[in-house]
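Coordinate analysis (summary)
Here's the letter readout for the chains.
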Amino acid sequence: MIILMICSTRLGFSTRLLGYRRNCSTACMDDVLFEVKNDVGIVTLNRPKALNALNTSMVVKIKPKLKEYESLVRMVIVQGAGGKAFCAGGDVKSITENGPGAKSLEMGTNFFQNEYSVDSIIGKSKIPYVSLIDGITMGGGVGISVHGKYRVATERTLFAMPETAIGLFCDVGGSYVLSRMDKHLGVMLGLTGCRLKGSDVAKAGIATHYVHSSKIEGLRAKLIEDVRDPGTVLAENTDDLDAVEFTMAPFVEKIDSIFSHERVEEIVDALRTDGSEWAQGMLKTLSEVSPTGLKITRKEILKGKNLSLDECLIMEHRLAYRSMEAKYSTDFYEGVRALLIDKDRNPKWCPASLEEVKDEIIDKYFEPFSNGEELQLS
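Please read all numbers here as calculations on a predicted model, not as lab measurements.

Considering the overall build of the protein chain
Helices and strands together make up the secondary structure of the protein chain, namely 18 helices and 10 strands. Compactness check: the protein chain gives a C-alpha radius of gyration of 20 Å against a globular reference of 21 Å for 378 residues, within 12% of the reference. In terms of principal-axis extent, the alpha carbons of the protein chain reach across some 55 × 50 × 35 Å. Taking all 378 residues of the protein chain together, the buried fraction comes to 59%. Here the contacts in the protein chain between residues at least 6 apart in sequence split such that 76% fall between residues at least 24 apart. Here the protein chain displays about 15,300 Å² of accessible surface, and carbon together with sulfur accounts for 50% of that area. In the protein chain, the 47 positive side-chain charges and the 52 negative ones have mean positions that sit 4 Å from each other.

Digging into helix α3 (residues 56-69)
Its 14 residues give α3 an end-to-end C-alpha distance of 20 Å, which sits within 8% of 20 Å, the value for a rise of 1.5 Å per residue. Within α3, the full set of buried residues consists of Thr 56, Ser 57, Met 58, Val 59, Ile 62, Leu 66 and Tyr 69. The backbone nitrogen of Ser 57 has a side-chain oxygen 3.2 Å away, supplied by the residue at the start of α3, namely Asn 55.

Let's talk about the environment of Arg 180
On the secondary structure map, Arg 180 appears in the loop between α7 (174-177) and α8 (185-192). Taking the C-alpha atoms as reference, Arg 180 lies 32 Å from Gly 82; in sequence the two are 98 residues apart. Not counting the four nearest positions on each side in its chain, Arg 180 is found in contact with Ser 175, Gly 304, Lys 305 and Leu 307. At 3.0 Å, the side chain of Arg 180 forms a polar contact with the backbone oxygen of Gly 304.

A few points about empty space enclosed by the protein
For the coordinates displayed, the defined rule picks out four cavities of 30 Å³ or more. Each pocket or cavity is described by its volume, and for the largest cavity that value is around 80 Å³. What lines the largest cavity is a set of 13 residues, and nearest its centre among them are Gly 90, Val 92, Gly 140, Glu 163 and Asp 171. Looking at the lining of the largest cavity, the element that brings in the most residues is helix α5 (residues 102-123), giving three residues. Across the lining of the largest cavity, the residue classes break down as seven nonpolar, three polar and three charged. For the second largest cavity, the calculated volume is near 70 Å³. Around the second largest cavity, the lining residues are Gly 167, Leu 168, Phe 169, Ser 290, Thr 292, Gly 293, Ile 296, Ser 323, Ser 329, Asp 331, Phe 332 and Tyr 365. At the level of elements, α15 (291-304) and α17 (331-341) are the ones that each hand at least two residues to the lining of the second largest cavity. Here the lining of the second largest cavity gets three residues from one element, more than from any other, and that element is α15.

Cut-offs used in this document
- Residues numbered from 1 in each chain as written.
- Predicted model: local features only at pLDDT ≥ 70, side-chain atom pairs only at ≥ 80, totals over all residues.
- Heavy atoms only, no water.
- Helix = DSSP H or I, 4+ residues; strand = E, 2+ residues; numbered from the N terminus.
- Rg over C-alpha atoms; globule rule 2.2 N^0.38 Å.
- Buried < 20%, exposed > 50% of the residue type's maximum accessible area, 1.4 Å probe, protein only.
- Contact = heavy atoms within 4.5 Å.
- Areas by Shrake-Rupley, 256 points an atom, 1.4 Å probe, with all protein chains shown as cover.
- Lys, Arg positive; Asp, Glu negative; His and termini not counted.
- Charge placed at Lys NZ, Arg CZ, Asp CG, Glu CD.
- Expected span 1.5 Å × (residues − 1).
- Polar contact = N/O pair within 3.5 Å; in protein donor to acceptor, adjacent residues only side chain to side chain.
- 1 Å grid on protein atoms, 1.4 Å probe; cavity = no way out; pocket = protein on both sides within 12 Å on 5 of 7 lines; lining within 4 Å.
- Points joined across faces, edges and corners; volume = space filled by probe spheres on them.
- Nonpolar A, V, L, I, M, F, W, Y, C, P; charged D, E, K, R; others polar.

What follows is the structure, given as C-alpha cells:
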C-alpha cells in the first residue's frame, strides 16, 4: 500500500543533519546567506552538507534580518542550498549530547526561543514570504516555511514532522498547522511522522503551489524580476494539480475516523479494530516512538486548534523547556541518543507504554511558567 511505503521507511532525523562543524568560526559565518535583488530579500540556508539543518547561529541571524526586510523589501524568498534539502530539521544533537543538565537546558532554551521567534515573525509578516521547499523539509524546515503566505513544492519535496521518534513533540508551530488540516490528517502526520512526497505536499495544503524542480530556478528569477503580486506570478508559472490524485485519498476517511479520537489509546484501539494492512503499518510506527511524545503531541494539537500561532508557540516553548528539563521523562535525550549519537535505533522510552504515561504528568508539561520564563514574542 502506498501509505505503508511512505510511513514505514521513515527518514526521521538524518545523522548528517546535526552537530556543529568543527571549524565553527568559518562555518557559522556562511551558514545562512542574505542578499537583496530588485527589492526582494533572499535568504539562503547554507549548510548543504547538513541538509541545511537549522542551528542557533542561523536562527539568531535570520530573526533580525526578517524584521529589517519588513521595511526594506517588497518580498522575501527563502531557499535551501545544495539541491537535496530545503531544511531537514533542527540541530537537536548539539542540544542533547551532554545529557540532561544545566548546560543542555541553557543551549536548548536559547535555540528554541530564537527559532520560535523566527516562526512568529514569518507568520505575522506584512510582506509576501515565499518558501521554495524543493527537497527535504522537516521539523524546523517546516516552521521556517509553512507559516509564510506561499510555499512552492517540487517532486523532490519530502515533508515530515518526525519529532515523536526522538522523544519530542511537533513544535515550530506544529500545533497550529496540524490542528487545522482537513480530515484529521495533521493528527496522523504528527503522531506517526509519516512522510509526504511531491505533489502530495500541495494536495495536503502544506504547499500552496507546485512546480517541477527543473523550473525552480526560472520561477525564482521571475519572482525577482516581475514586480507584480507574487501570487499572480506563481499562478502563471506553477503547475495545475487538479487532475493529480492525492495518494492518501484511499485512506482519508479512515484517517478522519480513527485519528479524530482525543486519546492516543483510543486511536490505537481503533487501529487494532480496523485490522487492515494500513492499520497494522500505523500501529507498528506508533509502537516505535515515544509514548510521552505521542500524548503531548495529541494534546497540543487539540489545544492548538483554538489558539493563535503565537499562543501555540508560547505553549510549545513550555513543552520544549520541560522536555529538555527532563523532570518527568528523559525521552528527548534518549531518542536523540538512539537515533543520532549511538545510532542503535533502540530507544528505551521511560515510561515505556501509553498506559504508564499518566495524564496528570502530561498536564504538567502544559502549565504556564510562574518565574518569567514564558516565551516573549514581539
